[in-house]
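Tertiary structure, described
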Amino acid sequence: MDKKDMKILVLNAGSSSLKYQLIDMATEKAVAKGVCDRIGIDGSLIEQKCGDKELVIKENLATHTDAFKLLLKALVDKDKGAIKSIDEISAVGHRVLHSGEDFKGSVVITDEVIKICEKNAPLGPLHMNANINCIKSAMKVLPGKPMVAVFDTTFHSTMPKYAYMYAVPYDAYENWQVRKYGFHGTSHKFVSGEAIKYLKSIGAPHARIITCHLGNGASLAAVKDGKCIDTSMGFTPLEGLVMGTRSGDIDPACVEYIMNKTGMSISETLNYLNKKSGVLGISGISSDFRDLTAAAEQGNERAKLAIDMFVYRVKKYIGAYAAALGGVDCILFTGGIGENVKIVRSRVMEGLEYLGVEFDKEKSDNAPRGQTVELQKPASKVKVLILPTNEELVIARETLALI
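Residues numbered from 1 in each chain as written. Predicted model: local features only at pLDDT ≥ 70, side-chain atom pairs only at ≥ 80, totals over all residues. Heavy atoms only, no water.

1. Some points on the overall build of the protein
A tally of helices and strands in the protein yields 15 helices and 14 strands. A principal-axis box enclosing the C-alpha atoms of the protein has dimensions of 55 × 55 × 45 Å. For the protein, the proportion of its 403 residues judged to be buried stands at 51%. In the protein, once contacts between residues fewer than 6 apart in sequence are set aside, the share between residues at least 24 apart is 61%. (Helix = DSSP H or I, 4+ residues; strand = E, 2+ residues; numbered from the N terminus. Buried < 20%, exposed > 50% of the residue type's maximum accessible area, 1.4 Å probe, protein only. Contact = heavy atoms within 4.5 Å.)

2. Quick notes on the packing of aromatic side chains
Scanning the model with the defined rule gives six aromatic pairs in all. Aromatic pair Phe103 and Phe151: ring centres 5.0 Å apart, planes at 10 degrees, arrangement stacked. With Phe103 in the loop between β6 (89-96) and β7 (107-108) and Phe151 in strand β8 (residues 147-151), this residue pair connects regions lying 48 residues apart in the sequence. Across the pair, Phe151 and Phe103 agree in class, each one buried. (Phe/Tyr/Trp six-rings, centres within 6.5 Å; stacked < 30°, edge-to-face > 60°.)

3. What to know about the environment of Ala67
You can see Ala67 is positioned in helix α1 (residues 64-75). The spacing of Ala67 and Ile39 is 28 residues in sequence and 7.2 Å in space, taken between C-alpha atoms.

4. Notes on the pairing of strand β2 (residues 17-24)
For β2, the tally of buried residues reaches seven of eight residues, placing the bulk of the element in the interior. Across seven bridges, strand β1 (residues 7-13) lies against β2 in antiparallel orientation. Bridge assignment links Leu9 to a residue of β2, and that residue is Leu22. Linking β1 back to β2 in an antiparallel pair, the connection comprises three residues. Judged from the eight bridges that link them, β2 and strand β3 (residues 29-37) form a sheet pairing that is antiparallel. Of the residues in β3, the one forming a bridge with Gln21 is Lys33. Once β2 ends, the chain turns through four residues before running back antiparallel as β3, passing Glu28 with a positive phi of about 60 degrees. (Pairing = 2+ DSSP bridges.)

5. Topic: the nonpolar core
Core analysis: the biggest nonpolar cluster contains 88 residues, and Leu9, Leu71, Leu214 and Ile318 have the highest contact counts within it. With 11 residues, helix α11 (residues 301-325) is the largest single contributor of residues to this core. If we ignore the near neighbours within four places in the chain, the residues touching Leu71 are Leu9, Leu11, Leu18, Tyr20, Cys36, Ile46 and Gln48. Core analysis: the next-biggest nonpolar cluster, separate from the first, contains 20 residues, Tyr173, Ile196, Ala221 and Cys228 among them. (Core = buried A, V, L, I, M, F, W, Y, C linked by side-chain atoms within 4.5 Å.)

6. Remarks on the environment of Ile307
Positionally, Ile307 belongs in helix α11. As for Ile307 and Arg347, which are separated by 40 residues in sequence, their C-alpha atoms are 9.3 Å apart. Those residues in contact with Ile307, other than ones at most four positions away along the chain, are Phe289, Leu292, Thr293, Ala296 and Arg347.

7. Remarks on the pattern of salt bridges
Pairs can form between side chains of opposite charge once their charged atoms are near each other. Enumeration according to the criterion identifies 18 salt bridges in this entry. Residues Lys49 and Glu54 are paired through a salt bridge, measuring 3.9 Å at the closest nitrogen-oxygen approach. Ionic pairing is found between Lys119 and Asp102, a salt bridge with its closest N-O pair at 3.0 Å. Of this pair, Lys119 sits in helix α2 (residues 111-120) while Asp102 sits in the loop between β6 and β7; the two residues are 17 residues apart in sequence, bridging distant segments of the chain. Here the residues in one salt-bridge network are Glu28, Glu194, Lys197 and Arg397, joined through shared partners. (Salt bridge = Lys/Arg side-chain N within 4 Å of Asp/Glu carboxyl O.)

8. Comments concerning the sheet that holds β7
The pairing of strands in a sheet comes from backbone hydrogen bonds and takes either a parallel or an antiparallel form. Pairing is mixed across the open sheet formed by eight strands, whose spatial order is β5-β4-β3-β2-β1-β6-β8-β7. Each edge of the sheet is formed by a strand with only one pairing partner; in this case those strands are β5 (53-58) and β7. The pairing of β6 with β8 spans five bridges and is classified as parallel. Bridge assignment links Val96 to a residue of β8, and that residue is Phe151. Seen against the sheet, α1 touches β1, β2, β3, β4 (45-50), β5 and β6 and runs at an angle of roughly 35 degrees to β2. (Axes fitted to C-alpha atoms, helices over the stretch in contact; angles between N-to-C directions.)

9. Notes on unusual backbone geometry
In the Ramachandran plot, Gln177 falls in the positive-phi region, its phi being about 55 degrees despite a non-glycine side chain. Relative to the helices and strands, Gln177 is located in the loop between α5 (170-176) and α6 (185-201). Phi is positive for Asp225, close to 55 degrees, though the residue is something other than glycine. Within the secondary structure layout, Asp225 lies in the loop between β10 (218-224) and β11 (227-231). By relative accessible area, Asp225 is classed as exposed at 58%.

10. Digging into a nonpolar patch on the surface
Where nonpolar side chains cluster on the molecular surface, the patch consists of Val108, Leu402 and Ile403 and spans about 220 Å² of accessible area. Within the element layout of this structure, Ile403 appears in the segment after α15 (391-402). Residue classification places Ile403 among the partly exposed positions, given a relative accessible area of 39%. (Patch = residues over 30% accessible without salt bridge, like charges linked within 9 Å, V, L, I, M, F, W, Y side chains within 5 Å. Areas by Shrake-Rupley, 256 points an atom, 1.4 Å probe, with all protein chains shown as cover.)

11. Considering the sheet that holds β11
Strands sit in the order β11-β10-β9-β12-β14-β13 across an open sheet of six strands; the sheet is mixed. Edge positions in the sheet fall to β11 and β13 (373-374), since each of these pairs with one other strand and no more. Pairing between β13 and strand β14 (residues 383-386): two bridges, direction antiparallel. Bridge pairing links Glu374 to Leu385 in β14. Where α6 meets the sheet, it contacts β9 (208-214), β10, β11, β12 (330-334), β13 and β14, and its direction lies at approximately 135 degrees from that of β9. In the packing of α11 onto the sheet, contacts are made with β9, β10, β11 and β12, and the angle to β10 comes to roughly 15 degrees.

Structure follows, in structure tokens:
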């Protein structure tokens, strides 16, 4: 089949949701976007957009199989769908959280691949179980349709061993695979690749790039010659930056101390660090930077502190990764905060002149949304970019390449 005739369905399953896009590979544009929400919960529904056509169906969705059947029904809806027949779907690309150490790239899904994913499920039980259920549902409803697993971790598989190992007894790595894996890999891969193409097109150095994926979940990656050499998230997405609701880096001894003080179980404490911490926990207001900046402007000291902590941690990792890379040619911002919150970009860039950065705050403050934009002054030795991410397109491209 010619590429211009191919449409790839991209699936991103959560524990109670199923997001999807149908991407026309001739244009690399989404012809449909949607989400099945509240799977297994009262009030489940599907919301879909195809251009200016919107479709909402409220229907009981007990399982991911129910959700997958409904999204196929929505895609071929006579009035508000995107395609006339399911046969127009050439393949399905699944976002899968964790590759463990078994895969170094995306793979065509087979029974053996599913078994390996099930083995690795304890590395990310909430997401992995949902990912696996979605794969099985799709294979059941569309038997024989090519399917590909695109892992959130494999872009980081090029990290050297000294970067991904933890200094715990080596048996923990050999027996239980305790190590740094990193996440947001599809985003870091997309934006670093697009940055390399862009920098080449303007004749700028492009070997050493620091990618800042800043959203409710946030991570940085150090990318050298297109390969990741380090990233801020670790064994789980809890390590690294201060985030919307995640604590980021913390002394592990705090966990026992907090448990003793509160009487919480280990599961409750991990929930405390993952869901109740970060800028939400510090500010006591919100994990949304629109709320935080508004409160800070009104003089709320805890909101100011939350922003200060977020910015400081990003800046600290940029300094560390500049050292790891032996210098930096480009720093780029992506994700909901990176692309849209100008105060964060400006504050992160303050004081980085020693790296050769000459940041243009006016350009940043007036940057148009949804475009690749340069934010540095003409004399800057380092390019600073806003570069919108597109993780679904990465999954579609990887699927196309494998089928």
